[in-house]
Amino acid sequence: MRIFVDSADVEEIKRLHKLGFISGATTNPSLVAKSGLEPEKIYTELAGLLEHVSAEVVAEDSEGMYEEGKRLASLHPNVVVKIPFTPEGLKAVKALKSEGVRVNVTLIFSSAQALIAARVGADFVSPFIGRIDDIGYSGVEVISQTAKIFTLHDIPTRIIAASIRHPAHFIDAALSGAHIATVPPTVLWKLMKHPLTDIGLERFLADWRKVQENEK
Ligand code: G3P
């Protein structure tokens, strides 16, 4: 499972990228609005750093989504156009795919939606684990079913586990067959932190210092 960061905070993404394990970023209109930055500047800057940057359209009709998608894709080859799963969105996916634009279908809440998105040519589908859990179903189960369906039917579409709220979601996404997890920075920092690593390092260094002092 590859690891993306789910954020539009360019400085925070740069900090995480320096650690070497982030290969992409996914944004959405809420995250871009929260950043206070100019959307196209965010996408262009991040695309110069990462191999995948999902940038979402905000038009609601298929023609508008298509035009916006074409413009976003022209910003940089690493920009992937994010289209919401609606009937208009599906039409836009088909049109964008005929132009060779890479597409990530978002706001996926069931394996049936994921299969339909794949059949119109989505390169990526983004099931929202946390929001599925919020309504009393299992987000991870949607990932497992989708992974099983894609394997059974030789579907090359990649699954991006999104709406990851805590470390257990990340591990469950990996175990249930997501190809990518897109993770908010706060959860990424939690995933890297382990008290036994800190205690272990403290002890190693304390023992090392004792020997150095004895040798004096
Ligand atoms: O990128 C979309 C998704 O990750 C949103 O997460 O926590 O707002 O459901 P959340």
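This text goes with the structure placed above it.
What you see is a predicted model, and the numbers here were worked out from it, not measured in a lab.

A.B. asks: Can you lay out the pairing of strand S4 (residues 79-84) for me, pointing to particular residues and giving the numbers?
C.D. replies: Where burial is concerned, most of S4 is hidden: six out of the six residues are buried. Here S4 shows two buried faces, one formed by Val79, Val81 and Ile83 and the other by Val80, Lys82 and Pro84. The parallel pair strand S3 (residues 52-56) and S4 is bridged by helix H4 (residues 62-75), and the resulting crossover is right-handed. A crossover connection joins S4 to the parallel strand S5 (residues 103-108) through helix H5 (residues 87-98); in handedness this β-α-β unit is right-handed.

A.B. asks: I'd love a proper account of the side chain of threonine 182, names of residues and values included.
C.D. replies: Among the structural elements, threonine 182 can be located in strand S8 (residues 180-183). Here the side chain of threonine 182 touches aspartate 6 through a polar contact of 3.4 Å, landing on its backbone nitrogen. Not counting residues within four places of it along the chain, the set of residues in contact with threonine 182 comprises Phe4, Val5, Asp6, Thr26, Ile160, Ala161, Ala162 and Ile164.

A.B. asks: Please give an account of the sheet that holds S4 that cites residues and values.
C.D. replies: Spatial ordering of the closed barrel is given by S1-S2-S3-S4-S5-S6-S7-S8, a layout of eight strands whose pairing is parallel. The average angle at which neighbouring strand axes cross in this sheet is 30 degrees, direction not considered. Sheet topology note: the strand S6 (residues 124-127)/strand S7 (residues 158-161) ladder contains two bridges and is parallel. Across the sheet, the residue bridging to phenylalanine 124 is arginine 158, located in S7. The sheet strands contacting helix H3 (residues 39-47) are strand S2 (24-26), S3 and S4, and the helix crosses S3 at an angle near 165 degrees.

A.B. asks: Please provide a residue-by-residue account of the environment of serine 126, values included.
C.D. replies: Relative to the helices and strands, serine 126 is located in strand S6. Taking the C-alpha atoms as reference, serine 126 lies 17 Å from valine 101; in sequence the two are 25 residues apart. Excluding anything up to four places from it in sequence, serine 126 contacts Asn104, Val105, Thr106, Leu107, Ile108, Ile160 and Ala162. Looking at serine 126, its side chain comes within polar contact range of the side chain of asparagine 104, at 2.8 Å.

A.B. asks: Describe the nonpolar core, and please don't skip the residues or the numbers.
C.D. replies: Across soluble globular proteins, nonpolar side chains have a tendency to be buried as a group. One finds Tyr43, Ile83, Val105, Val125 and Ile164 to be the most contacted residues of the largest nonpolar core, which totals 56 residues. Dropping the residues within four chain positions of it, valine 105 is found in contact with Ile83, Pro84, Phe85, Val93, Ala117, Ala122, Phe124, Val125 and Ser126. One finds Phe4, Val80, Phe124 and Ile160 within the second-largest nonpolar core, a separate group that totals five residues.

A.B. asks: Quick rundown of the pairing of strand S1 (residues 2-6)? Include the residues and the values.
C.D. replies: S1 sits mainly inside the fold: four of its five residues count as buried. Of the strand pairs in this sheet, S1 and S8 are connected by four bridges, and their pairing is parallel. Opposite valine 5, over in S8, you have valine 183 as the bridge partner. Here S1 runs beside S2; their pairing, made up of three bridges, is parallel. Bridged to phenylalanine 4 within S2 is glycine 24.

Conventions adopted
Residues numbered from 1 in each chain as written. Predicted model: local features only at pLDDT ≥ 70, side-chain atom pairs only at ≥ 80, totals over all residues. Heavy atoms only, no water. Buried < 20%, exposed > 50% of the residue type's maximum accessible area, 1.4 Å probe, protein only. Helix = DSSP H or I, 4+ residues; strand = E, 2+ residues; numbered from the N terminus. Right-handed = clockwise from strand over helix to strand, strands pointing away. Polar contact = N/O pair within 3.5 Å; in protein donor to acceptor, adjacent residues only side chain to side chain. Contact = heavy atoms within 4.5 Å. Pairing = 2+ DSSP bridges. Axes fitted to C-alpha atoms, helices over the stretch in contact; angles between N-to-C directions. Core = buried A, V, L, I, M, F, W, Y, C linked by side-chain atoms within 4.5 Å.

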